[in-house]
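# Structural features, examined
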Amino acid sequence: MSETITIGVNHITRVEGHGNIKVDVQNGEVKECKLEIVEAPRFFEAMLEGRHYSEAAIITSRICGICSVGHQLASVRATEDAFGIELTKQNHQLKTLLDMGQYFESHVLHVYFLAVPDFVGAPSVFPLVATHKDVVLSALKLKKLGHDIGEMIGGRLVHPISMIPGGFTHMPTVKKLEEILNRIQDAKEELKNGVKLVSSLTLPDFERETEYISMYRDGEYAFIDGNIFSSDRGEISYKDYRKVTNEYLVPHSTAKRAKFSRHSYMVGALARFNNNYKYLSDDAKQAAEDLGLKPKYYNPYMNTVAQLVELIHIVDNSTEIINDMLAKGIKNEKPVIPELKECAGVGAVEVPRGILFHEYTYDKNGFITKANCIIPTAQNLQNIEDDMNDMVPDSIKKRTKEELTLDLEMLVRAYDPCISCSCHLLDVEFVNE
Amino acid sequence: MSKPKVAFFDFTSCEGCQLSILNLETELLELLDIVDIVEFREAMSEKSDTFDIAVIEGSYSRDSDLGRLKEIRETAGVVVALGACAHIGGLNALRNSQQREDLLKKVYPDHPDWYETNEKALPISAAIKVDAVVPGCPVDVKEFVHVVKNLVLGKDPGLPTYPVCVECKLNENICVYELGKTCLGPVVRAGCNAVCTSNGGVCIGCRGLIPNPNLNSQKDIMQKYGLDIQRIIDSVNLFMTENAREVQ
């Protein structure tokens, strides 16, 4: 490719929300290489002010449809943290299962519907109905399972209903848990076919070591409870999340950005895999080996592969939880009603795209006086841009403009960004055309 | 006869309604028997210059979106508002009680001047004519399929004009007022099968008011149960900020 190029992709497709990629190279020198976030500002932190504690999760759920379970979990955990409500074992299990239902739905959607079309040269999943019908049907079946797990626990998966601060207003039945358990076992076989499919695909060969940040809890692959873990600095209390995220603004993005020990850091499946590998189930470790993924892995395109590994782990972990619930019996626990007081709390949870933080301050009547939400995609944006800046100078010598455009779009998609959330992304624009 | 072309567009929203449609799974494949989906940015890279039915999710909150909305209106034979944000402003409109400048200063304190937003987040009907709606936050996907089928047949999809209470009673739920909670079921449009009250929640009004809602009767209910009318106004504010004044 010539030494002077401009790339401009406006409204990158097959991602959640609106973003653009802009690249400008003059005589082999990268003048500009950035990821613009053009999603409309939504002002959630301002809308939360003055609202009652019982409404916080209802409101923040609407930050994003795909991540609504995640926002509700972070919101409810923050409120519970503020009022000093401890989780019972069953409450912990129900929350974890709900989170896992969301992982199932979200990871399957990303791996099969959004990422795989690139690798088989299709513009979307729809043409694959004709050429790869078995794969599409398998993906639909897996996605439906995630959906149904969410429905069993939350009443529905998009903007769930029954999880409130202090507990759940609705319990799953034994019959439903048994049905889901059977389908989870079938899903494991379907996922093994997915591992075969994905291991046959060739991912772009690009590595850049960065700081990996996830949740951490001794003895488990942490989902809804734990501290923060940085691959550079180790464990940090979840209460000190602001020391990690250090949010700042850039003019080309309505989403805020984050940095900790370096210029940028990565959150999400690959970060969790790198930090918490030892706690994956044996079969998930085996799948990782079959897929050529070992910790520490520095190729961001492998985030998609790490998601597939996590799906296997989730099958095993959710089987364990459901078996335990069935053995002990489901208790009709009423949600704890908080004692109102002036207080503040932080909720940190791992959601499909990475670690998510909500923090609320309450007045003595239970109304929010201050709110803060820090979104995984916002934490990843600078890392994506740093990957682009690292990749482009070398790639322009070897790749055509079309190939490089696709490389960049695939890079952004690999992070599975959620732009609605981050502004609460995507087109590539090669400037100068 | 060629199949009608359907295109999806999104403005200020969480994209949860489009996601709910992708969640249709097998019904989505059946829907593809009667329509062609020609644009759906969340799921596909293809784009189309022509389409018969435009399905729009999200509120109208930026002047720069007006041109695109008008283009969609000029191209489409039928425009469908998908979900509460497009239909009634939805949760986005919760910001409308605060001044634009205050919002920008609160959320982007260092650079409030970098970002574009209107004074209010409004339903898309504030910008263009809308022919049909699929209410809800998120939409009920069965209702979405019902609306599309009827539009393909050239019929008025027709939405329930009775309140959520009707469906809630059919589901044999205990009235949440008996449990001391505040619920918008008596004045909000049915069609969701009372999904919130059936899962231990209350109706939060995401589907909008029924035609000619009996607001006096709602006030009577509040008095009967000794509840503060302010709680209803707060609830109405969640999804129907523009209606809240009417209720007051």
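As the structure is a prediction and not an experimental result, all values here were calculated from the model.

## Concerning the overall build of chain B
The secondary structure content of chain B amounts to nine helices and five strands. Mapped from its N terminus to its C terminus, chain B presents α and β elements in the order β-α-α-β-β-α-β-α-α-β-α-α-α-α. Its C-alpha atoms give chain B a radius of gyration of 19 Å, near enough to 18 Å, the size a compact globule of 248 residues would have. Scored against the burial criterion, the 248 residues of chain B give a buried share of 47%. Taking the contacts inside chain B whose residues are at least 6 apart along the sequence as the reference set, 73% of them involve residues at least 24 apart.

## Observations regarding the sheet that holds strand S2 (residues 36–40) of chain B
Residues and elements named next belong to chain B. Pairing is parallel across the open sheet formed by five strands, whose spatial order is S2-S1-S3-S4-S5. Each edge of the sheet is formed by a strand with only one pairing partner; in this case those strands are S2 and strand S5 (132–134). On average, adjacent strands in this sheet sit at an angle of 25° to one another, irrespective of strand direction. Bridge count between strand S3 (residues 53–57) and strand S4 (residues 78–82): five bridges; the pairing is parallel. Paired with Ile-56 across the bridge in S4 is Ala-81. Those strands touched by helix H6 (residues 141–152) are S3, S4 and S5, and its axis lies near 160° from that of S5.

## A short note on the domain arrangement of chain B
All names here are of chain B. Segmentation of chain B into domains returns domain 1 (5–152) and domain 2 (164–247). With 15 residues of domain 1 at the interface, the matching set in domain 2 holds 12 residues. With three residues, helix H4 (residues 83–88) is the single largest residue contributor to the side of domain 1 that touches domain 2. For the side of domain 1 that touches domain 2, the residue count by class is seven nonpolar, six polar and two charged.

## Notes on the confidence of the model for chain A
Confidence in the prediction for chain A averages 88 pLDDT; 91% of positions are at 70 or higher. Note that pLDDT drops below 50 for residues 420–428 of chain A; the model gives that stretch 64 contacts with residues more than four away or on any other chain.

## Thoughts on the pairing of S3 of chain B
All names here are of chain B. Within S3, five of the five residues are buried, which leaves it mostly tucked inside the rest of the structure. Residues Ile-53, Val-55 and Glu-57 point to one face of S3 and Ala-54 and Ile-56 to the other, with burial holding for every one of them. Summarising the sheet, strand S1 (residues 5–10) and S3 pair through five bridges and their orientation is parallel. When the sheet's bridge partners are listed, Val-6 is paired in S3 with Ile-53. One crossover worth recording links S3 to the parallel S4 by way of helix H3 (residues 66–75), and it is right-handed.

## Quick look at helix H9 (residues 269–276) of chain A
Each full turn of the α-helix corresponds to 3.6 residues, which orients residues three or four apart in the same direction. Residue and element names in this part refer to chain A. Where burial is concerned, most of H9 is hidden: eight out of the eight residues are buried. Along H9, the positions that sit buried rather than exposed are Ala-269, Leu-270, Ala-271, Arg-272, Phe-273, Asn-274, Asn-275 and Asn-276. Tucked into the core, H9 has its buried residues touching strand S6 (211–216), strand S7 (227–230), strand S9 (265–266), helix H11 (303–328), strand S10 (343–351) and strand S11 (354–362).

## What about the nonpolar core?
If you look at the biggest cluster of nonpolar residues, it comprises 194 residues, and the most contacted ones within it are Val-309 of chain A together with Ala-54, Ile-56 and Val-80 of chain B. Split by domain, the residues of this core number at least three in each of domain 1 (5–152) and domain 2 (164–247) of chain B. Once residues within four sequence positions are removed from consideration, Val-80 of chain B is found in contact with Ile-53, Ala-54, Val-55, Ile-56, Asp-131, Ala-132, Val-133, Val-134 and Val-147 of chain B.

## Looking at the sheet that holds S11 of chain A
Residue and element names in this part refer to chain A. What the three strands build is an open sheet, ordered S10-S11-S12; its pairing is antiparallel. The open sheet has two edge strands with one neighbour each: S10 and strand S12 (368–374). The mean inter-strand angle of the sheet, taken between neighbouring strand axes irrespective of direction, is 10°. Examined bridge by bridge, S10 and S11 share nine bridges and lie antiparallel to one another. When the sheet's bridge partners are listed, Ala-344 is paired in S11 with Thr-361.

## Things to note about the interface of chain B and chain A
If you look at the interface, chain B gives 44 residues, while chain A gives 44 residues. Residues that form the side of chain B that touches chain A fall into these classes: 21 nonpolar, 14 polar and nine charged.

## Some remarks on the packing of helix H4 (residues 89–119) of chain A against H11 of chain A
Residue and element names in this part refer to chain A. Between H4 and H11, whose axes approach to 9 Å, the crossing angle comes to 150°. By the angle class used here, H4 and H11 are roughly antiparallel. Handedness of the crossing formed by H4 with H11: left-handed. Contact residues: Gln-93, Thr-96, Leu-97, Met-100, Tyr-103, Phe-104, His-107, His-110, Val-111 and Ala-115 in H4; Thr-304, Gln-307, Leu-308, Glu-310, Leu-311, Ile-314, Asn-317, Ser-318, Ile-321 and Met-325 in H11. Class assignment of the residues belonging to the contact of H4 with H11 gives a composition of 11 nonpolar, eight polar and one charged.

Cut-offs used in this document
The residue numbering used here restarts from 1 in each chain and proceeds along that chain's sequence as written. A letter from A marks each chain and a number from 1 marks each ligand, given out in the order of writing. For this predicted model, a pLDDT threshold of at least 70 governs which residues receive local features, and a threshold of 80 or more governs which side-chain atom pairs are given and counted, while totals over whole chains, interfaces and linings are taken from all residues. The secondary structure listing takes helices from DSSP runs of H or I that are at least 4 residues long and strands from runs of E that are at least 2 residues long, numbered from the N terminus. For the radius of gyration, the atoms used are the C-alpha atoms, and the globule rule reads 2.2 Å times the number of residues raised to 0.38. The exposure scheme places C-beta atoms from the backbone and then counts, for each residue, the other C-beta atoms within 10 Å of its own, assigning buried at 20 or more, exposed at 12 or fewer, and partly exposed in between. Contact between two residues is assigned when their C-beta atoms, built from the backbone, lie within 7 Å. When DSSP finds two or more bridges between a pair of strands, those strands are recorded as paired. Inter-axis angles, ranging from 0 to 180 degrees, are taken between N-to-C directions of lines fitted to C-alpha atoms, where helices are fitted over the stretch in contact. By convention here, the domain bounds are inherited from an automatic or database domain assignment. When residue character is reported, Ala, Val, Leu, Ile, Met, Phe, Trp, Tyr, Cys and Pro are called nonpolar, Asp, Glu, Lys and Arg charged, and the others, Gly included, polar. pLDDT is defined as a per-residue confidence score from the predictor, taking values between 0 and 100. For the handedness criterion, the strands are oriented away from the viewer, and a crossover whose path from the first strand over the helix to the second runs clockwise is classed as right-handed. In this description, a nonpolar core means buried residues of the types Ala, Val, Leu, Ile, Met, Phe, Trp, Tyr and Cys, linked to one another by C-beta atoms lying within 7 Å. Orientation is classified from the angle alone, with under 35 degrees giving roughly parallel, over 145 giving roughly antiparallel, 65 to 115 giving roughly perpendicular, and any other angle giving oblique. Crossings are classed by handedness, with left-handed meaning an anticlockwise turn of the near helix from the far one by less than a right angle and right-handed meaning a clockwise turn.

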